[in-house]
Each structure stands twice: as C-alpha cells, then as structure tokens.
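Okay, here's what each chain looks like letter by letter:
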Amino acid sequence: MKEIRAMATNVTDRSLNANDISVFTSLQTDKGAVNTNPEFTQARRLSGTTKRTIAYTESGEIKNNQQGKQQIQDTKTYPTELSTEITQQTKDFLVAAIHADVEDNSITDTDIEATATGFVIPGNNLAAGEYIFLSGLAEEDDNRAYYVQSVAGDVVTTSPAPSTTEAAGSSISVDSMKATSGTSKYYYTIQERMLDLAAAGDVSYRTYLDSQINSMTFEIPESSICTATPSFVSELPVNSNAAITGQTDAVNDSSDVVSAVNNVAGFWINGVDSNCSVKSMTLEINNNLQEDRSAGCERVGYDGRSFQASGSLVTKAYISDARDWQRKYENGTRFNVAVELFWPNDDRKMIVVIEQGVATEHEMPTEANAIASNTLSIAAEESLVNGKTISVYSNF
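Predicted model, so just to flag it, every value in this text is computed and none were measured.

## Section: the sheet that holds strand S7 (residues 107-109)
Moving on, step 1. With antiparallel pairing, the 7 strands of this open sheet are ordered in space as S7-S13-S10-S11-S12-S9-S8. Each end of this open sheet is capped by a strand with a single partner; those strands are S7 and strand S8 (113-114).
Moving on, step 2. With 3 bridges connecting them, strand S9 (residues 118-120) and strand S12 (residues 155-159) associate as antiparallel partners. Bridge pairing links Phe119 to Val156 in S12.

Here's what the structure looks like:
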C-alpha cells in the first residue's frame, strides 16, 4: 500500500475574507415571526452583507474641567445592500421591490390556434398591453414572446403576428406569469453567516426579521454582465449568533448570469421590437420607506411608502428620423419600454416593463467622430392603459 505523504495543513489563524461570508433570505409567511423551520435561499452576490449601523449623540453637559463629553449610543438601523449579477433569482427581488400583485394567466391546451394576426386562445384571461410566451408551435421561430395588442373573447391580436398559421390540435402553451407594481407586502428574514472558529459549528449567524426591499437598481449595459442591487431595511435583529431552530437551505440557484450580449433578446418600445435601436437601459425603484421609532423599543418600523420609479435609456439616432427621441423629449410623449431576457439552457424568459415613461432629460454627443446617440433620463408614471407603473412577465 502506498503511503500518502501530502496532508492538508490545519489553519486556525488566517485572516477572514469575503469568501467566508454569505447572505441568505427566507420569505416570511407572517410579519413579525420567523417561519417555523424556515428554508433559506443563498443570495448570489458580488458584494454586500447585513450591517448594524449605530448612531451616537454627544452629551451637551458643560464640562468645567474641559474634558471630553460623553458619547451616548443612540439609534440602530439594520440595512442590507446586495450588489448582484442578474440571474433568475433577480426576478424574486424585483417582484418584492415593486410590492407586486401576481397573476398566473398561463394556459396549455390543444385548442389553441396561430392566426395571421395572433392567436385564438379559448378561456384566456389576457388583456391588451400584456406580454405572453408561446411554446409548442410547429414553427420553431414562433415560439417566442409576443405583445398583446388587443383581446376580443378568444381572439388575441399580437405584435408581432406569428410567421405561420397553425390549426388547433397540438399541445401549445401560452405562459404569462404577471407581476405588476402594487401594494402587496413581501417581508424577508435575512441571515448573514460568517466563518468563526469561536462559534458553535464554526459558523456565526446574524439574523434579521421583517426585512423589506426599500430600493433596487436594474441595469442592462451595451455589453458585459447585467447587474442589480436590491437594498433592504430590517426592523429587528434576532438576538442570537446561532442558527434558527429547524432551518434548512434550498437548492442554490444555478441559472446563468445574464450577459448583455448573450442573454438579452432585445428591447420593446410601445409593444414593438426595437430592432436594435435601443442600446442600454437602467431602472431604479425606490419605495421611500420612512423610519417609525418609539422610545424604549428596539424595533425600527418602516412604513409611509411613496413609490417612485425612474431610469435611463440610450437609443440610436438613425438619419431616417434623426430627431425622433428628441421630439419625444420636447413634446412630453409618453412611451412604454421593456427589455426581454432569456436563459437558453432551460428556455426561461423574463420581460421587465416600464409601463409609461416620459423623458425628463435628453443629451446627444456632438464631439468629433462621436456616435450621436440619444441619452435620456426617464420618469415612470402610472399607466393610463393598465393603471400600473412597473411590470414583470415571465414563463417561470
């Protein structure tokens, strides 16, 4: 038998690094209580973790001896900001950030038809202005996303229309998981785990209750990796460095990181494919939650929500209509803009929509040899079509 000579070294005194820290979330069933036997999902992140921010106030006492004044520990806040790359996990954070009302209007049946203007979908609950995802059609190119232009009973007119008509008979799926900005609450239990050889099981836990997403950014650049940053505020720490009794971990999300080149199917303007005229997009969501404190209470309440959404858009200026976006800015023209993401490994798709935006700023480079693109700041407002501001559509 050969002797194993190389043995790993036992190390107990190295410096802590970022790989020793992880963040997990668990969506709560009830506000004010950690779920019984909670299941945690690890947050895929670039940076960020839970924090305890402590404010001090200085005593105003007159010190005749001219010595330092007493520093008094005052308020504590518990923020968590996670810098992430966009994955399928991002959908859950977006839904929570917009306090979404969620509907599943998906249908799978053998009586669905593809027509020259759209589809016949018996029993559908669709409405104009929504997005749907078709699969199971014989023409592979028609298995894609569509914008619903109108609905008259079972007849759904879409943009674009399918390239090939198809009679009923095959099993066809119309997927439409719809999440629209609303007033539903999403509270999380957030947990930081840190390698700590002084703790039981070599892991130190910091857990926070009743955590909401106060703000979130969502960025689709021209190239490279797409990113998102959800920022939470927590009301109360669980005063223990131990795990929650009965807690377990869900299977980690393993979906591909979204690349602007490989995973962005395109942009839509007013329900029409932009045909590469949109270069990039950002979305910023802010719930503007206000602190609500009481003397003698450790809990920091957050309420008084005042929802806002804004963003930016960079578009090409074609000489066929060079002032198109400039006129939209000058005339205060309202428009609908959406970005479609896809994951080819499991055929999952997601569309994030600013339902009604107005350009509040417009810039165009004029330096020598510069590409004269339109750079627009966007304010999102309640849509006159569906009464919503931000929507997320997906087939998962």
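After that view of the structure, there is still more to cover.
## What about helix H2 (residues 324-331)?
Moving on, step 1. Among the residues making up H2, those that are buried are Trp325, Gln326 and Lys328. Considered in projection along H2, the buried side chains sweep an arc of 160° and stay on one side of the axis. The exposed residues of H2 that point more than 90 degrees off its buried face are Glu330 and Asn331.
Moving on, step 2. Tucked into the core, H2 has its buried residues touching strand S19 (264-269), strand S24 (308-315), strand S25 (335-343), strand S26 (348-363) and strand S27 (374-380).

## A closer look at a negative patch on the surface
Moving on, step 1. A surface patch of like charges, here negative, comprises Asp109, Asp111, Glu113 and Asp154.
Moving on, step 2. With respect to the element layout, Asp109 can be found in strand S7.
Moving on, step 3. A residue is classified by how much of its surface remains accessible, and Asp109, at 34% relative accessible area, is partly exposed.

## Points about the nonpolar core
Moving on, step 1. If you look at the biggest cluster of nonpolar residues, it comprises 49 residues, and the most contacted ones within it are Phe218, Ile220, Leu313, Val339 and Leu341.
Moving on, step 2. When near neighbours in sequence (up to four residues on either side) are disregarded, Val339 contacts Phe218, Ile220, Val264, Gly266, Phe267, Met281, Met350, Ile351 and Val352.
Moving on, step 3. If you look at the next biggest cluster of nonpolar residues, it comprises 14 residues, including Leu137, Tyr146, Val156 and Val174.

## Considerations on the packing of aromatic side chains
Moving on, step 1. Taken as a whole and assessed by the stated rule, the structure comprises 10 aromatic pairs.
Moving on, step 2. Summarising the aromatic geometry, the rings of Trp325 and Phe335 are spaced 5.1 Å apart at their centres and angled 85° between planes, so their arrangement reads as edge-to-face. Of the two residues, Trp325 is situated in helix H2 and Phe335 in strand S25; the sequence distance between them amounts to 10 residues.
Moving on, step 3. An aromatic cluster is present here, built from Tyr131, Tyr147, Trp268 and Tyr393 joined pairwise through their rings.
Moving on, step 4. Positioned above the aromatic ring of Phe396, the side-chain terminus of Lys91 is 4.6 Å from the ring centre.
Moving on, step 5. A cation over a ring is seen here: Arg193 above Phe24, with NZ or CZ 3.6 Å from the ring centre.

Thresholds, definitions, all that
- The residue count restarts for each chain, going from 1 along the sequence in the order it is written.
- In keeping with the predicted nature of the model, local features appear solely for residues at pLDDT of at least 70, side-chain atom pairs appear and are counted solely at 80 or more, and the whole-chain, interface and lining totals rest on all residues.
- Calculation of side-chain values draws on the structure's entire complement of heavy atoms; hydrogens and water are dropped beforehand.
- We call two strands paired when DSSP finds no fewer than two bridges between them.
- Segments assigned H or I by DSSP are reported as helices when at least four residues long, segments assigned E as strands when at least two residues long, and all are numbered from the N terminus.
- Relative accessibility decides the category of a residue: with a 1.4 Å probe and only protein chains considered, values under 20% of the type maximum give buried, values over 50% give exposed, and everything between is partly exposed.
- Of all possible arcs, the one meant is that of the directions from the helix axis to the C-beta atoms.
- Contacts between residues were defined by any pair of non-hydrogen atoms, one from each residue, lying within 4.5 Å.
- Exposure above 30% relative accessible area and the lack of any salt bridge qualify a residue for a patch; like charges then connect within 9 Å, and the nonpolar side chains Val, Leu, Ile, Met, Phe, Trp and Tyr within 5 Å.
- Accessible surface area values rest on a Shrake-Rupley calculation with a 1.4 Å probe, where residue burial reflects the displayed protein chains alone.
- Any carboxyl oxygen of Asp or Glu within 4 Å of a side-chain nitrogen of Lys or Arg constitutes a salt bridge here.
- Positive charges are assigned to Lys and Arg, negative charges to Asp and Glu, while His and the chain termini are left out of the count.
- To locate a charge, the coordinates of NZ of Lys, CZ of Arg, CG of Asp or CD of Glu are taken.
- The term nonpolar core refers to a set of buried residues drawn from Ala, Val, Leu, Ile, Met, Phe, Trp, Tyr and Cys, joined through side-chain atoms within 4.5 Å.
- Think of it this way: a Phe, Tyr or Trp ring, Trp meaning its six-membered ring, pairs with another when their centres are within 6.5 Å, and the plane angle makes it stacked under 30 degrees, edge-to-face over 60, tilted otherwise.
- By definition here, charges over rings are those cases where NZ of Lys or CZ of Arg is within 6 Å of the ring centre and within 35 degrees of the ring normal.

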